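Okay, here's what each chain looks like letter by letter:
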Amino acid sequence: MDASIMTSDARFGAVACVQRVKNPILVASKVMETPHLMLVGDGATAFARATGFGDYDPMTEKAKDKHARAMAELRGQGDGDFATDAAAWLHLDWRALWNFNGEPPIKDTVGAVVRDSHGRFAATASTGGTVYMLRGRVGDSPLMGCGVYAGPAGAVAATGVGEEIVRRFLAKTVYDWLEEGIPAARAAQRGIAKFPEIVDVGLLVASRDGQAIASNRNMASALLVG
Ligand code: ASP
């Protein structure tokens with residue numbers, strides 16, 4: 001799993017390829033308390049244990065079922081639900097690339113942007129990754145400026161195909177528009193418009209003028225005003 005958190009005073013913490021923790025985002029926020037920005041792989045997992053995060057198996061029945069259906073698609077026996085994701089792998093000898101010891105977990109993604117009563121912002125993202133990914137793959141979620149960015153003008157969190165989000169440096173690009181005075185809703189829509197329709201992407205944006213949620217797929221979201 002990958003996760004990161006960034007605050008408007010430029011504090012940042014991230015973990016990438018962390019394993020067997022319940023809340024990777026809490027480990028990322030612990031990293032934020034250190035002089036480092038990001039820990040990866042075994043080191044990230046060892047850091048989680050050292051700082052009190054116990055062993056936790058994030059696998060669920062739903063994730064197992066999703067994984068089985070996704071793998072069936074690669075083998076040519078799928079129900080079509082993962083056909084778009086599988087397309088990037090089917091022209092490769094994917095079996096020769098597969099580097100898992102056991103079954104790779106598949107989990108969903110959650111992001112959040114926050115503005116507190118003092119006008120400070122924060123952005124977070126946490127993910128189990130994409131439908132198909134090799135062991136060791138890092139997506140956009142733990143990368144500053146890609147999956148998350150926060151500064152005095154606002155906060156941005158992204159979800160969708162990580163590699164495409166990273167290529168567009170999406171969170172920082174949208175943040176820069178906020179800094180130029182572009183309203184949150186317009187900035188979010190412009191961010192989504194950078195992607196072709198086939199690439200799923202979603203954005204959460206909070207700025208001084210308000211907040212916006214934009215995506216090119218149905219994605220669950222909620223707005224809480226406290
Ligand atoms: N962006 C995540 C990743 O590529 C996945 C997602 O948002 O669904 O790891």
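You'll find the structure just up there.
My aim in this report is to walk through the structure given alongside it, one point at a time. None of these values were measured; they are calculated from a predicted model.

### What about the site of the ligand?
Now for step 1: Taken together, T109, T127, G129, T130, R137, D140, S141, T159, G160 and G162 make up the full set of residues adjacent to the ligand.
Now for step 2: A distance of 2.6 Å is found between a nitrogen atom of the ligand and a side-chain nitrogen or oxygen belonging to D140.
Now for step 3: One of the backbone nitrogen or oxygen atoms of G160 is found 2.7 Å away from a nitrogen atom of the ligand.
Now for step 4: Protein coverage of the free-state accessible area of the ligand, which is 260 Å², stands at 89%.

### Regarding the packing of aromatic side chains
Now for step 1: Taken as a whole and judged by the stated rule, the model has four aromatic pairs.
Now for step 2: Between the aromatic rings of W89 and W98, the centroid separation amounts to 5.4 Å while the plane-to-plane angle is 90°, which identifies the pairing as edge-to-face.
Now for step 3: The interplanar angle of 55° and the centroid separation of 5.0 Å between the aromatic rings of Y149 and Y175 together place this pair among those described as tilted. Note that Y149 is positioned in strand 6 (residues 148-151) and Y175 in helix 7 (residues 170-179), a separation of 26 residues in sequence.
Now for step 4: When its relative accessible area of 16% is taken as the criterion, Y149 is described as buried.
Now for step 5: Cluster of aromatic residues (ring-pair linked, three or more members): W89, W94, W98 and F100.
Now for step 6: Between R168 and the ring centre of F195, over which it is positioned, the NZ or CZ distance is 4.4 Å.
Now for step 7: Seen from the ring of Y149, K172 lies directly overhead, with NZ or CZ sitting 5.5 Å from the centre.

Rules and cut-offs
- Residues numbered from 1 in each chain as written.
- Predicted model: local features only at pLDDT ≥ 70, side-chain atom pairs only at ≥ 80, totals over all residues.
- Heavy atoms only, no water.
- Near = heavy atom within 4 Å.
- Polar contact = N/O pair within 3.5 Å; in protein donor to acceptor, adjacent residues only side chain to side chain.
- Areas by Shrake-Rupley, 256 points an atom, 1.4 Å probe, with all protein chains shown as cover.
- Phe/Tyr/Trp six-rings, centres within 6.5 Å; stacked < 30°, edge-to-face > 60°.
- Helix = DSSP H or I, 4+ residues; strand = E, 2+ residues; numbered from the N terminus.
- Buried < 20%, exposed > 50% of the residue type's maximum accessible area, 1.4 Å probe, protein only.
- Lys NZ or Arg CZ within 6 Å of the ring centre and 35° of its normal.

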